[in-house]
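Okay, here's what each chain looks like letter by letter:
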Amino acid sequence: MIWIYLIITLLGNAPPRVFDVPNDGGNALRVEWQLPPDSLGKVDSMLILRKTLPEGKVDTVAKAFTNHPEFVDEGVNYKKAYRYSILYFIGPVQIQSKWSSPAKPIASWIDTRKIPLFILMILYTTILLVYIFTARKGRELYLRPIAGLEAVDEAVGRATEMGRPIVYIPGLSTISDVATIAALNILAHITKKAGEYETKIIVPVRNPVVYTIAREVVKEAYYTIGRPDLFDPGQVYFATDSQFGYAAHVSALMAREKSATNFFMGMFWAESLILAETGASTGAIQVAGTDAVTQLPFFVVTCDYTLIGEELYAASAYLSKEPLLTASIKGQDQMKLLIMVAMILLSLLSVFGVNITLGLF
Amino acid sequence: MHISTDPWVWVAAILTLAIFTFLYKDNPLFKFAEHLFVGVATGYGLVIIYFNAFKPNLYQPLFVEHNLLYIIPFFFGILYFSAAIPKFSYMMRWPIALLLGIGSGLSIPLSFQTYIVEHTKSTILRFPYPNAALFINALILFIGVLTVLIYFYFSYPHKGAIGTISRIGIIFIMIGFGASFGYTVMARFSLLVGRIQFLLGQWLGIHTVM
């Protein structure tokens, strides 16, 4: 036992080593210390002490263990310097190491680990910009036909024939969700189609911001086809912010109005099945589109057509004929191609024992 | 059988049954419960937003602590109301643009890392595999990802070989959907069981689950 005390006393005098943690905002320091292998299990506990300079305030920052001689202190500030010491407890005896030399955390401007990711993003942005400029020059960009889209016109036609309204749900998410933006683009197209045949379209909205935009979208669509008289301020309205309150309201709306066509486009959560199942029970033709992977199965089983994931964005680009959106889809396609090629090549190389990560994979 | 004497349990039970009546058809009872639900939820949401968002994030720092920096978000927030004045309604686009800009800037690198890099990393075949089962698993994943990516490739028509590959892709998607459907339906059943337990146990006192 005396022997251990002796070693600890000798080592205890050795101050811990302190290093800056790279690639951070200057809020972390790594503290390292050393114990002889024989002391494992004999030191009861250890405390890491930190002295903040220039104040000299001493804090206990953590309890350490002998089997892990390292600690990252994330409670520091790059504007100050720090010194560290280890306090060992061996039975009734306490031994404190010398204080380390002052160390100051460095705030990094660039996280070097993310440079490959940055290059990938630059590459993607460049591809995107090339397509955007190409589209703006008026060159037509090809997008393959999407089955669900052809159903949109058919669904509007059916509502006209039956003399019943269309219910359009632009998802339950906020405007910052890409799916909501795509849903609003599709709403513009459907409103124009419905307006041409004077078919009523009802748009209950869950989010107040989406409500104001959806209202403008519908109004503008009627203006575009030269029928501003068709706009009824009551056809686009804020229902409720509550998820299931909204689901209850829309379910009842579909049953009461006996809508001929229901569109569910945008982001959905657990209410998706309630909405789509109620719509299906009323006999309406239903077209859905969402990028919510967990909700897609419900739409697939309850709707006549479903735009799966990215098809929703493609549909939005396809219908709006917006060069920016079409170019985005083309850019994404090229990125997918690039990823597929990278996956195949890196896998093939791995067969021959060459495992390349490119700093990313 | 010990029927509950708590009036709030009765309210909850009657409202639950009123909502269930929709299974038969739309009726005044359901209409009442629906309107009550929508109204209460909206009112409740408004109070929550006031106390959890507006008061601590704007009212307290700006009007009580006089932190003038908060005038900027206050100004942008107020612009949402410009929708009511047709002459200035274009100003509503400013906060939306700010929100979209910040949202995109924050989410794009994260999405790249999470949805592209990490998925690609997990899909690439890395030899050697410790056993045949792990290799087969990795190979299925590899083929699935490639075929699904081809399905979502919009620049080429789904004809010939590409059409066949994309059909394999849609089979993978449907298998995934099937698994997800079954899993979620089970979760929904547990919600129904929870409601029935409430009606039979807490309300009617017929059945109690320990």
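Because the structure is a prediction, the values reported are computed rather than measured. (Residues numbered from 1 in each chain as written. Chains lettered and ligands numbered in written order. Predicted model: local features only at pLDDT ≥ 70, side-chain atom pairs only at ≥ 80, totals over all residues. Heavy atoms only, no water.)

## Here's the deal with the overall build of chain B
Step number 1: Counting secondary structure elements, chain B contains six helices and zero strands.
Step number 2: The secondary structure elements of chain B, listed N-terminal to C-terminal, are α-α-α-α-α-α.
Step number 3: Here the C-alpha atoms of chain B give a radius of gyration of 27 Å, more than 25% beyond the 17 Å that 2.2 N^0.38 yields for 210 residues.
Step number 4: Seen through its principal axes, chain B has C-alpha atoms that stretch 65 × 60 × 35 Å.
Step number 5: Across the 210 residues of chain B, 26% fall into the buried class.
Step number 6: Distance from the positive charge centre (11 side chains) to the negative charge centre (5 side chains) of chain B: 16 Å. (Helix = DSSP H or I, 4+ residues; strand = E, 2+ residues; numbered from the N terminus. Rg over C-alpha atoms; globule rule 2.2 N^0.38 Å. Buried < 20%, exposed > 50% of the residue type's maximum accessible area, 1.4 Å probe, protein only. Lys, Arg positive; Asp, Glu negative; His and termini not counted. Charge placed at Lys NZ, Arg CZ, Asp CG, Glu CD.)

## Considerations on the layout of surface pockets
Step number 1: For the second largest pocket, the calculated volume is near 1800 Å³.
Step number 2: Lining the second largest pocket we find 37 residues, and of these Ile 274 of chain A together with Ile 19, Phe 20, Phe 22 and Leu 23 of chain B sit closest to its centre.
Step number 3: Those elements that place two or more of their residues in the lining of the second largest pocket are α6 (243–257) and α7 (272–281) of chain A together with α1 (7–20), α2 (28–64) and α6 (160–203) of chain B.
Step number 4: The greatest single-element share of the lining of the second largest pocket, amounting to seven residues, is contributed by α2 of chain B.
Step number 5: Broken down by class, the residue content of the lining of the second largest pocket amounts to 25 nonpolar, five polar and seven charged. (1 Å grid on protein atoms, 1.4 Å probe; cavity = no way out; pocket = protein on both sides within 12 Å on 5 of 7 lines; lining within 4 Å. Points joined across faces, edges and corners; volume = space filled by probe spheres on them. Nonpolar A, V, L, I, M, F, W, Y, C, P; charged D, E, K, R; others polar.)

## Points about the sheet that holds strand β1 (residues 17–20) of chain A
What holds strands together in a sheet is hydrogen bonding between their backbones, with the strands either parallel or antiparallel.
All names here are of chain A.
Step number 1: Read from one edge of the open sheet, three strands run β1-β2-β5, paired in antiparallel fashion. A single partner strand is all that each edge strand has here, and the edge strands are β1 and β5 (70–73). For this sheet the average axis-to-axis angle between neighbouring strands, irrespective of direction, equals 25°.
Step number 2: Pairing geometry for strand β2 (residues 29–32) and β5, over four bridges, is antiparallel. The residue of β5 that forms the bridge with Val 31 is Phe 71. (Pairing = 2+ DSSP bridges. Axes fitted to C-alpha atoms, helices over the stretch in contact; angles between N-to-C directions.)

## Quick word on the packing of helix α2 (residues 115–136) of chain A against helix α10 (residues 323–351) of chain A
Residue and element names in this part refer to chain A.
Step number 1: Running from N to C, α2 and α10 point in directions that differ by 140°, and their axes come no closer than 8 Å. Classified by the angle their axes make, α2 and α10 are oblique. Judged by the sense of rotation from one axis to the other, the crossing of α2 with α10 is right-handed. Where α2 approaches α10, its residues Leu 120, Leu 123, Tyr 124, Ile 127, Leu 128, Tyr 131, Ile 132, Ala 135 and Arg 136 are matched on the opposing element by Pro 323, Leu 324, Ala 327, Ser 328, Lys 330, Gly 331, Gln 332, Gln 334, Met 335 and Leu 338.
Step number 2: When the residues that make up the contact of α2 with α10 are grouped by side-chain class, the tally is 13 nonpolar, four polar and two charged. (Parallel < 35°, antiparallel > 145°, perpendicular 65-115°, else oblique. Left-handed = near helix turned anticlockwise from the far one by under 90°. Contact = heavy atoms within 4.5 Å.)

## Details of the interface of chain B and chain A
Step number 1: Taken together, the contacts link 51 residues of chain B with 62 residues of chain A.
Step number 2: Contact between chain B and chain A buries roughly 5000 Å² in total, counting both sides, with carbon and sulfur atoms accounting for 73%.
Step number 3: Broken down residue by residue, the surface that chain B buries against chain A is led by Phe 112, Phe 154 and Phe 177 of chain B, which jointly contribute 15%.
Step number 4: Summed over the shared surface of chain B and chain A, the result is two salt bridges.
Step number 5: The salt bridge involving Glu 34 of chain B is made with Arg 256 of chain A; its shortest N-O contact spans 2.6 Å. (Buried area = accessible area lost by both parts, 1.4 Å probe. Salt bridge = Lys/Arg side-chain N within 4 Å of Asp/Glu carboxyl O.)

## Focus: the pattern of salt bridges
All names here are of chain A.
Step number 1: Applying the stated criterion across every chain yields a total of 15 salt bridges over all chains.
Step number 2: With its nearest N and O atoms 3.7 Å apart, the salt bridge here joins Asp 59 to Arg 50.
Step number 3: By relative accessible area, Arg 50 is classed as buried at 10%.
Step number 4: Residue Lys 336 is joined to Asp 333 by a salt bridge in which the shortest nitrogen-to-oxygen separation is 3.2 Å. Residue Lys 336 and its partner Asp 333 are both found in helix α10; the two are separated by three residues, about one turn of the helix. For the pair formed by Lys 336 and Asp 333, the shared burial category is buried.
Step number 5: If you follow the salt bridges from partner to partner, you end up with Arg 17, Arg 30, Glu 32 and Glu 70 in one network.

## As for a nonpolar patch on the surface
Residue and element names in this part refer to chain B.
Step number 1: Together, Met 1, Ile 3, Trp 10, Ile 14, Phe 189, Leu 192, Ile 196, Leu 200 and Ile 206 make up an exposed nonpolar region whose accessible area comes to about 840 Å².
Step number 2: Mapped onto the nonpolar patch, the elements with two or more residues apiece are α1 and α6.
Step number 3: At four residues, α6 tops the list of elements feeding residues into the nonpolar patch.
Step number 4: Structurally, the position occupied by Ile 206 is in the segment after α6. (Patch = residues over 30% accessible without salt bridge, like charges linked within 9 Å, V, L, I, M, F, W, Y side chains within 5 Å. Areas by Shrake-Rupley, 256 points an atom, 1.4 Å probe, with all protein chains shown as cover.)

## Quick notes on the pairing of strand β11 (residues 261–265) of chain A
Residues and elements named next belong to chain A.
Step number 1: Where burial is concerned, most of β11 is hidden: five out of the five residues are buried.
Step number 2: Where strand β8 (residues 166–169) and β11 come together, four bridges link them in parallel fashion. Bridging across to β11, Ile 166 finds its partner in Thr 261.

## Regarding the packing of aromatic side chains
Step number 1: Counting across every chain of the model gives 18 aromatic pairs over all chains.
Step number 2: Judged by centre distance (6.2 Å) and plane angle (75°), the ring pair of Tyr 90 of chain B and Trp 94 of chain B falls under edge-to-face.
Step number 3: Between Phe 127 of chain B and Tyr 129 of chain B the ring centres are 5.4 Å apart and the planes differ by 85°, which places this aromatic pair in the edge-to-face class.
Step number 4: By way of ring pairs, the aromatic residues Phe 264, Phe 268 and Phe 299 of chain A are connected into one cluster.
Step number 5: In this structure, Arg 188 of chain B is placed above the aromatic ring of Phe 298 of chain A, and the distance from its NZ or CZ to the ring centre is 5.3 Å. (Phe/Tyr/Trp six-rings, centres within 6.5 Å; stacked < 30°, edge-to-face > 60°. Lys NZ or Arg CZ within 6 Å of the ring centre and 35° of its normal.)

## Details of the environment of Arg 139 of chain A
Step number 1: Structurally, Arg 139 of chain A is set in the loop between α2 and α3 (147–162).
Step number 2: Linking Arg 139 of chain A and Arg 113 of chain A, residues 26 residues apart in sequence, is a C-alpha distance of 39 Å.

## A few points about the confidence of the model for chain B
Residue and element names in this part refer to chain B.
Step number 1: Of all residues in chain B, 98% attain a pLDDT of 70 or more, and the chain-wide mean is 91.
Step number 2: Per-element confidence in chain B is highest for helix α5 (residues 132–151), whose mean pLDDT is 96, and lowest for helix α4 (residues 93–123), whose mean pLDDT is 87.
Step number 3: Among the scores for the predicted complex, ipTM is 0.81 and pTM is 0.80. (pLDDT = per-residue confidence, 0-100.)

## Focus: the sheet that holds strand β3 (residues 45–53) of chain A
Residue and element names in this part refer to chain A.
Step number 1: Overall, antiparallel pairing links the four strands, which are arranged β4-β3-β6-β7 in an open sheet. Taken across any chain shown, the strands that pair with only one partner, and hence form the sheet edges, are β4 (57–64) and β7 (93–96). Going across the sheet, the axis of each strand differs from the next one's by a mean of 25°, ignoring polarity.
Step number 2: Here nine bridges tie β3 to strand β6 (residues 81–90), and the two strands are oriented antiparallel to one another. Bridge pairing in β6 links Ser 45 to Phe 89.

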